Amino acid sequence: MKDLNGRNIEYLRLSVTDLCNYRCTYCMGEDGVAKLGHSDILSIEALAEIGRAAVACGIKKIRLTGGEPLVRKGVVSLCRMLKSIPGLAELAMTTNGSLLPEYAFALKEAGLDRLNISIDTLDETKFTELTRRGNLRDALDGLAAAKAAGFTNIKINTVLIGGFNLDEIPKLIALTRDEPVSVRFIELMPIGECAGWPKNRFVSADAVLGACPALVPEKTEGVAELYRVPGHIGTVGLIRPLSHSFCGDCNRIRVTTDGKLKPCLHSPLEIDLNGLTGAALISAIKKGIFYKPERHHLNEDGQSASLRGMHRIGG
Ligand code: SAM
Ligand code: SF4
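Structural notes, computed from the coordinates. The model shown is predicted, which means the values in this text are computed figures rather than measured ones. (Residues numbered from 1 in each chain as written. Chains lettered and ligands numbered in written order. Predicted model: local features only at pLDDT ≥ 70, side-chain atom pairs only at ≥ 80, totals over all residues. Heavy atoms only, no water.)

Focus: the overall build of the protein
Alright, step 1. Looking only at helices and strands, one finds nine helices and 12 strands in the protein.
Alright, step 2. Against the 2.2 N^0.38 benchmark of 20 Å for 315 residues, the protein shows a C-alpha radius of gyration of 18 Å, consistent with a compact globule.
Alright, step 3. Along the longest, intermediate and shortest principal axes, the C-alpha atoms of the protein span 50 × 45 × 40 Å.
Alright, step 4. Burial analysis of the protein (315 residues in total) assigns 54% to the buried set.
Alright, step 5. Pairs at least 24 residues apart make up 72% of the contacts formed inside the protein by residues separated by at least 6 positions.
Alright, step 6. Carbon and sulfur atoms provide 53% of the accessible area of the protein, an area that totals close to 13,200 Å².
Alright, step 7. Each charge class in the protein was averaged separately, 39 positive and 36 negative side chains, and the resulting centres sit 4 Å apart. (Helix = DSSP H or I, 4+ residues; strand = E, 2+ residues; numbered from the N terminus. Rg over C-alpha atoms; globule rule 2.2 N^0.38 Å. Buried < 20%, exposed > 50% of the residue type's maximum accessible area, 1.4 Å probe, protein only. Contact = heavy atoms within 4.5 Å. Areas by Shrake-Rupley, 256 points an atom, 1.4 Å probe, with all protein chains shown as cover. Lys, Arg positive; Asp, Glu negative; His and termini not counted. Charge placed at Lys NZ, Arg CZ, Asp CG, Glu CD.)

In structure tokens:
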């Protein structure tokens, strides 16, 4: 369905939990988040019903996210329920990968089509420093488990952080040499935990082009500009919410784990879906799509106008 500004909205990011087994410094505080009660989060059945209603409104792709989606009990059953919705073309998940050794085969069998795995550094010490409680080995084992389970075209998400991982850009790009993975560099956005960080932490994705002049542009894929090093099997993606606003092409809406539809990541606008079913649910989702804000104001305001941090939205 089209929004007020003529954009075709086809992509839902569905957050299944705001809890996480990591505490990435840019995303969450050291103590994590207060656990919401059972009645304050959407049940697995309610998440599936929102998926069905969203597809009835023209959504073609659903991505499960969080918090860490794999810490949510019942996430494999949810995949199975969503995958059976006629008209859904793609079911994807963004995960920190740490629990994939346990879940990758079950997710594949339940019908999950695609995986994005977040890895911000390939240095073991820096990985633990950034995530506060993760270790690189688990994430790499997760990537290997995903491949072994039959996932293809896996995307690796790397958030660019000034003073932290820019020196690793060539090493991360080297992952595309022999593997059909896409390494996607994402500009850090001033939202939630990192909203007040010093300006030098927020760098343009041009840093990637500077660090690897061999990259040749290929095409755009959704919000990512794709490049490739000639001869490499995999691709490199740049996602630039700060330096090149892609609001004009934004095709996504989000639903939080406490049942709020967010038509724009960086707007305070939220539509409560709690307790709605059937035609009332479809009508609320249509309203959210129609009134999707035209663009974000990150560059004018210096930080996001969203009332929530990323772990409470899902990225
Ligand atoms: N826990 C999962 C993970 O880390 O992949 C899924 C949720 S996480 C919120 C989704 C994505 O958002 C991750 O790739 C993460 O790096 C990214 N992210 C979190 N905070 C961000 C920020 N301030 N700017 C840009 N990306 C961010
Ligand atoms: Fe957890 Fe993902 Fe946020 Fe890191 S970025 S704390 S893994 S939700």
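With respect to the site of ligand 1
Alright, step 1. If you check the shell around ligand 1, you find 19 residues, and the closest are Tyr26, Gly67, Ser118, Met189 and Met310.
Alright, step 2. Separating an oxygen atom of ligand 1 from a side-chain N or O atom of Tyr26 is a distance of 2.8 Å.
Alright, step 3. Note that a nitrogen atom of ligand 1 is positioned 3.3 Å from one of the side-chain N or O atoms of Glu68.
Alright, step 4. Relative to its free-state accessible area of 550 Å², ligand 1 is covered by the protein chains to the extent of 94%. (Near = heavy atom within 4 Å. Polar contact = N/O pair within 3.5 Å; in protein donor to acceptor, adjacent residues only side chain to side chain.)

Let's talk about the site of ligand 2
Alright, step 1. Around ligand 2, the structure places Cys20, Tyr22, Cys24, Cys27, Gly67 and Asn96.
Alright, step 2. Tallied by class, residues from the shell around ligand 2 come to four nonpolar, two polar and no charged. (Nonpolar A, V, L, I, M, F, W, Y, C, P; charged D, E, K, R; others polar.)

Here's the deal with the side chain of Thr158
Alright, step 1. In this fold, Thr158 is placed in strand E5 (residues 155–160).
Alright, step 2. Among residues more than four places away in sequence, those in contact with Thr158 are Ile119, Asp120, Asn165, Leu172, Val183, Arg184, Phe185 and Ile186.

With respect to the pattern of salt bridges
Alright, step 1. Tallying each qualifying case throughout the model produces 18 salt bridges.
Alright, step 2. One salt bridge connects Glu90 with Lys61, and the closest N-O pair in it is separated by 3.8 Å. Of this pair, Glu90 sits in strand E3 (residues 90–95) while Lys61 sits in strand E2 (residues 61–65); the two residues are 29 residues apart in sequence, bridging distant segments of the chain.
Alright, step 3. Note that Arg312 is salt-bridged to Asp258, the shortest N-O span being 3.8 Å. (Salt bridge = Lys/Arg side-chain N within 4 Å of Asp/Glu carboxyl O.)

With respect to unusual backbone geometry
Alright, step 1. Here Arg132, not a glycine, exhibits a phi torsion of approximately 65°, which is positive.
Alright, step 2. Tracing the backbone shows Arg132 in the loop between helix H4 (124–131) and helix H5 (136–148).
Alright, step 3. For Asn153, which is not glycine, the phi torsion reads 50° and is therefore positive.
Alright, step 4. According to the relative accessible area criterion, Asn153 is partly exposed, its value standing at 42%.

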